[in-house]
Amino acid sequence: MTLRQELADLIRQGIVRAQQVGALPKFDVPPVDVTPTKPQFGDYSTNVALQLARVARMAPQRIAEAIQHHLPTNDVLSECSVATPGFINMRLNPIWVARQVAVIEAKGRDWTRSNVGQGQRVQVEFVSANPTGPLHFGGARNAVLGDTLARVLERVGYTVQREYYVNDAGSQMRKFGETLYARYAQALGEDVPVPPDGYMGTYMVEWGKRIAQEHGRRFLQMEREQAIRELTDAGLRIVLDEVQQDLTNLRVRFDNWFSERSLYEDGTFDRVLSLLREKGLVYEREGALWFAATQLGGEKDEVIVRSTGEPGYFASDIAYHYNKFVLRRFDWVIDVWAVDHQGHVPRMKIMMKALGLDPDRLTILLYNLVTLKRHGEEVKLSKRAGDIITLREVLEEVGPDPIRFMLLTRSNEAKIDFDLGLAVEQTQENPVYYVQYAHTRIAGILRKAREEGWTTWADGNLDLLTHPSEQALLKKILDLPDLLVTIADRLEPHHLTYYAQDLATHFHAFYRDCRVLDPDRPDLTKARLRLVAAVKLVLAHLLEDLLGMTAPEIM
RNA sequence: GCCCCCGUAGCUCAGUGGAUAGAGCACCUGGUUGCGGACCAGGAGGUCAGAGGUUCAAAUCCUCUCGGGGGUACCA
């Protein structure tokens, strides 16, 4: 149980006991919400008494007092008080707080685990950029969001699969293959023009050359259609290899790369189509095959197969989600999409209904766009040339740490200006180094401790950690497991970076107030070394395991 | 036109029913013969876009208005 869950349970028991002795009337006990509060009130508080006023037909203040009086004895709290108009405020027992250091020592990085997910199988599908070129920097936000979310969901007890959907079917792929064919032929001195709406990026020229070097004139000697097919596959391998490299460098990992084309090759699409046909949700008009979304409350019907005979993207979406829910049996699927795809959300929900699935099992997580800047000036993208600012360029310039941190400093729906200058500047405006510096500082203390001959401090007496700054630092740490629960619940990983800065601030304040290494007070020194080592462990866990960053020993 | 998101301190943004609305930066004033000053403390700064409503309680929920962004294809 997390701390907040434990406190909520105490309150719940208080309510039940008060009811048993008649201090409160009988009613169903609602879920109790315990939240951190301001130091002047205590450490945590709950408004449950205010919410119960109606059902209990009592003044909230009296309800709160009844709960307070019947709270079970425990060693977590040192004080529980009632404040007008009916808040119940709780203060943590300083001894209990201090002794949590031992719990952290024992559990290590597993200390933040909880089980609100109860092993439910959730798939996070993210990035899924068209495999027609290098990853655009904008895709980095999707990658960081999805990856961080997956990390947090795992921590709180979900069984998570991370998936990249490879759009290797459809017209974009066709254009990609035709473009590559032209660039390849050009590399061999042939005058084959790039199709008018082809991919103009210079990277296609390079890949054409690369394939020409590796395979010679082989593709020119075969029939054009066959050559395009084979070049498409060759190009796809190059793209996916590069994409995977970039994502690895960003410390983003996938469990599965799912091929869109496979949905057509293994019969999934045909199966779903006949399923919808049986339900009378498919009809033909003007040479195209339509999905009758309006029958299920949609704004308008959607095309499944175009009059050209090619399935549209919606066809793939239906088959793909049928695969996710029916064939692979995920309990919950989160698709991470840029906000410019928002128009698809309603039709995805209707598609769920059409498949006989609860629409709530599909979450479309939308995030806003990223604008790239350099010292306040927007970095223009020259779209005409087809050249884009790639993730790779930014990775090479600033490294993964600032990218990951900065892209989590805004809520999902807020736009982000990513400033290339600021990202590597070691100034007050850059929070990345501020957080990492806290970790480095602790590493420095521990180095110094060994230099000064402190060899072991496992027997340090934790009960000595009573200084307000020590307590404040510990309490900040103790809230992390609950923060992860909140993030998983609201799908808002940006809270992690705010927490990280807050934790660093608490450490720096402690550092100012409490000298760790003091030869005149060996007992206190040992206790503080235990504290500081525990903080280091949690900070490293936060930076490395949750934020996917580095936790440097020196900077 | 219709749909979605946003509007909070000078700037960039947290805060999705609770107590006196917060942080970073910028600005002002202070702090180290001591573990890394890439740090810390204090000050100043608000009609939470506006107007109604719901509620014991609204930045938060509902309605309308204004302003900004996005979406409204047989493209993804």
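Residues numbered from 1 in each chain as written. Chains lettered and ligands numbered in written order. Predicted model: local features only at pLDDT ≥ 70, side-chain atom pairs only at ≥ 80, totals over all residues. Heavy atoms only, no water.

How would you explain the domain arrangement of chain A if you had to name every residue and give the values?
Under the domain assignment used here, chain A contains domain 1 (3–92), domain 2 (121–169 + 260–367), domain 3 (171–238), domain 4 (370–424) and domain 5 (428–546). Here the C-alpha centroids of domain 1 and domain 5 sit 31 Å apart. With seven residues of domain 1 in contact, the opposing surface of domain 5 contributes five residues. Summed over both sides, the interface of domain 1 with domain 5 buries roughly 550 Å², with 40% coming from carbon and sulfur. Sorting the residues of domain 1 by area buried against domain 5 places Leu3, Arg4 and Leu92 first, and these three jointly supply 62% of that buried surface. (Domains from an automatic or database assignment. Contact = heavy atoms within 4.5 Å. Buried area = accessible area lost by both parts, 1.4 Å probe.)

Describe unusual backbone geometry, with residues and values.
Trans peptide bonds make up most of the peptide bonds, and negative phi angles are found at most residues other than glycine. Here the residue pair Thr84 and Pro85 is connected by a cis peptide bond, since its omega of 0 degrees sits within 30 degrees of zero. Checked against the element boundaries, Pro85 lands in the loop between strand 3 (77–83) and strand 4 (87–92). Its identity as a non-glycine residue notwithstanding, Gln118 has a phi of 50 degrees, on the positive side. Here Gln118 shows up in the loop between helix 4 (94–107) and strand 5 (121–125). (Helix = DSSP H or I, 4+ residues; strand = E, 2+ residues; numbered from the N terminus.)

Could you give me a rundown of the protein's contact with RNA strand B, with the residues and numbers involved?
Near RNA strand B lie 58 residues; those nearest to it are Phe87, Tyr313, Arg410, Tyr437 and Arg441. Here a sugar or linking oxygen of RNA strand B and a side-chain polar atom of Asn167 are 3.4 Å apart. Ser411 is positioned such that a nitrogen or oxygen atom in its side chain is 2.5 Å from a phosphate oxygen of RNA strand B. At the level of secondary structure, the elements contributing two or more residues to the surface near RNA strand B comprise helix 2 (48–56), strand 4, helix 16 (431–451) and helix 19 (495–513). Broken down by element, the surface near RNA strand B gets its largest block of residues, nine residues, from helix 16. A per-class count over the surface near RNA strand B returns 20 nonpolar, 22 polar and 16 charged. (Near = heavy atom within 4 Å. Polar contact = N/O pair within 3.5 Å; in protein donor to acceptor, adjacent residues only side chain to side chain. Nonpolar A, V, L, I, M, F, W, Y, C, P; charged D, E, K, R; others polar.)

Lay out the nonpolar core with the relevant residues and their values.
Leu7, Phe137, Ile403 and Phe418 are the most contacted members of the largest nonpolar core, which has 152 residues in total. For this core, the element with the highest residue contribution is helix 20 (residues 522–546), accounting for 12 residues. Among the nonpolar cores identified, the runner-up in size contains 34 residues, and Tyr165, Phe258, Phe330 and Val333 belong to it. (Core = buried A, V, L, I, M, F, W, Y, C linked by side-chain atoms within 4.5 Å. Buried < 20%, exposed > 50% of the residue type's maximum accessible area, 1.4 Å probe, protein only.)

Give me the lowdown on the packing of aromatic side chains, citing residues and values where you can.
Taken as a whole and assessed by the stated rule, the structure comprises 17 aromatic pairs. Judged by centre distance (4.5 Å) and plane angle (20 degrees), the ring pair of Tyr164 and Trp257 falls under stacked. Note that Tyr164 is positioned in strand 6 (residues 159–166) and Trp257 in strand 7 (residues 256–259), a separation of 93 residues in sequence. Judged by its relative accessible area of 1%, Tyr164 is buried. Among the residues examined, Trp257 registers a relative accessible area of 26% and is labelled partly exposed. Consider the rings of Phe291 and Phe314, whose centres lie 5.6 Å apart with planes at 45 degrees: the pair is tilted. Placement of Phe291 in strand 9 (residues 288–291) and of Phe314 in helix 11 (residues 313–327) is noted, with a sequence separation of 23 residues between them. In this pair, the class of Phe291 matches that of Phe314, namely buried. (Phe/Tyr/Trp six-rings, centres within 6.5 Å; stacked < 30°, edge-to-face > 60°.)

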